[in-house]
Amino acid sequence: MTTTDPTSVYERVGDERLTFRCCDTTFVIQSAGFRAGDAARAARRLAERLEARLDAFDDASGVSELNRGGVVEDEHVATVVRRGLEYYDRTDGVFDIHQGTVEHELKAYLRGETDSLPERFETGTIRIDGDRIVTEVPLDLNGLAKGYVVDRAAAELTGLGRRGFVSGGGDVSPPTGAVAVESPYGDEKPLRVLDTDWAVATSGSYRRRRGGVDHVYEPTAERLGARHESVTVLARRDCMEADALATTLAALPLDAAVDLAEDWTGLEALVVHDGVFHETTGFDSHVLDR
């Protein structure tokens, strides 16, 4: 007859929470169950590896290589670019990954590195063959990369007898408990408390702001700045979709944003505009009792 060391059992079945910087924000990984610690650490390592490939401001990344030379072969960059082109088509160009120059110039302004704002939006051709991408213009994958990292890291947590989620600066894989939607007005009370098994992402004018300008832009109108204080999106597909659509809705006028969200299958949204809450028809089904 054999005996089991209770310490060993505890190490294999438990809870793990990791907090770290990734993708220019704070990431939280929560894992519970069998080998929770191993899974959480593996998810963190993957998130950091993906950040190293997708960070356009890291000269060694795949995205930087692509933007410098116009070509790169990288499975992660190719996956994100494909999804970006899908959303470019589905949003009639509002979500536009062709704007890498605008993104760099706008980020430099928000960081205080320059006092000049972007003046020109670009167009160009992007071609993908397998994992090889060829582009005529620098790309902006910022509206997708963080969601992709969250999705991939969260997949590391799944397993028999284990569950968990990943949160990256407002982008959350399907959560395992209630999620509070942060108020854009600095209030301690959240806008809503969600109970959902869909991915969540938030965008809006209250983040990364300088001189009345924020990180959102609308290329079809050649306009800088979000039109709403806050946009929260729930996406059934994954966090990458929630991330992209939160950015898209933040850039659109109110009626167009609500109409697009209503028409998008597997999507619900809360748009806060001039202090008024605008919810899609099914959003309330993801909210805890008020």
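Below or above, wherever it landed, is the structure these notes cover. None of these values were measured; they are calculated from a predicted model. (Residues numbered from 1 in each chain as written. Predicted model: local features only at pLDDT ≥ 70, side-chain atom pairs only at ≥ 80, totals over all residues. Heavy atoms only, no water.)

Before going further, it helps to spend a moment on the nonpolar core. Counting 64 residues, the largest nonpolar core has V77 and V233 as its most contacted members. In this view, V77 contacts R53, L54, G62, V63, L66, V72, I133 and L141; residues no more than four positions away in its chain are not counted. Counting residues in each nonpolar core, the second largest holds 13 residues, with F165, V172, L234 and L270 among its members. (Core = buried A, V, L, I, M, F, W, Y, C linked by side-chain atoms within 4.5 Å. Buried < 20%, exposed > 50% of the residue type's maximum accessible area, 1.4 Å probe, protein only. Contact = heavy atoms within 4.5 Å.)

Attention shifts here to the pairing of strand 14 (residues 267-273). Summarising burial for strand 14: six of the seven residues are buried, a large majority. Inspection of the sheet shows strand 13 (residues 230-235) paired to strand 14 by six bridges, in the antiparallel sense. By the bridge assignment for strand 14, S230 is matched with V272. By the bridge criterion, four bridges tie strand 14 to strand 15 (residues 276-279) in an arrangement that is antiparallel. If you follow V272 over to strand 15, its bridge partner there is F277. (Helix = DSSP H or I, 4+ residues; strand = E, 2+ residues; numbered from the N terminus. Pairing = 2+ DSSP bridges.)

What follows deals with the sheet that holds strand 3 (residues 71-73). To summarise the sheet geometry, strands pair through backbone hydrogen bonds and adopt either a parallel or an antiparallel arrangement. Spatial strand order, 3-5-4: three strands in an open sheet with antiparallel pairing. Looking at strand neighbours, the two that pair on one side only are strand 3 and strand 4 (126-129), the edges of this open sheet. Between one strand and the next, the sheet's axes are offset by a mean angle of 15 degrees, whatever the strand orientation. Across the face of the sheet, helix 3 (residues 62-69) comes into contact with strand 3 and strand 5 (132-135) while running at roughly 150 degrees to strand 3. (Axes fitted to C-alpha atoms, helices over the stretch in contact; angles between N-to-C directions.)

By the definition in use, this model includes 15 salt bridges. Among the ionic pairs, D238 bridges to R83, the shortest N-O distance being 2.7 Å. Of this pair, D238 sits in the loop between strand 13 and helix 7 (239-251) while R83 sits in helix 4 (residues 75-90), and the two are 155 residues apart along the sequence. Looking at D238, the relative accessible area reads 16%, which means it is buried. In this structure, the salt-bridge partner of K146 is D171, at a minimum N-O distance of 3.1 Å. Of this pair, K146 sits in helix 6 (residues 142-155) while D171 sits in strand 7 (residues 171-172), and the two are 25 residues apart along the sequence. For K146, a relative accessible area of 10% puts it in the buried group. In this structure, a network of salt bridges that share partners links the residues E16, R35, D38 and R41. (Salt bridge = Lys/Arg side-chain N within 4 Å of Asp/Glu carboxyl O.)

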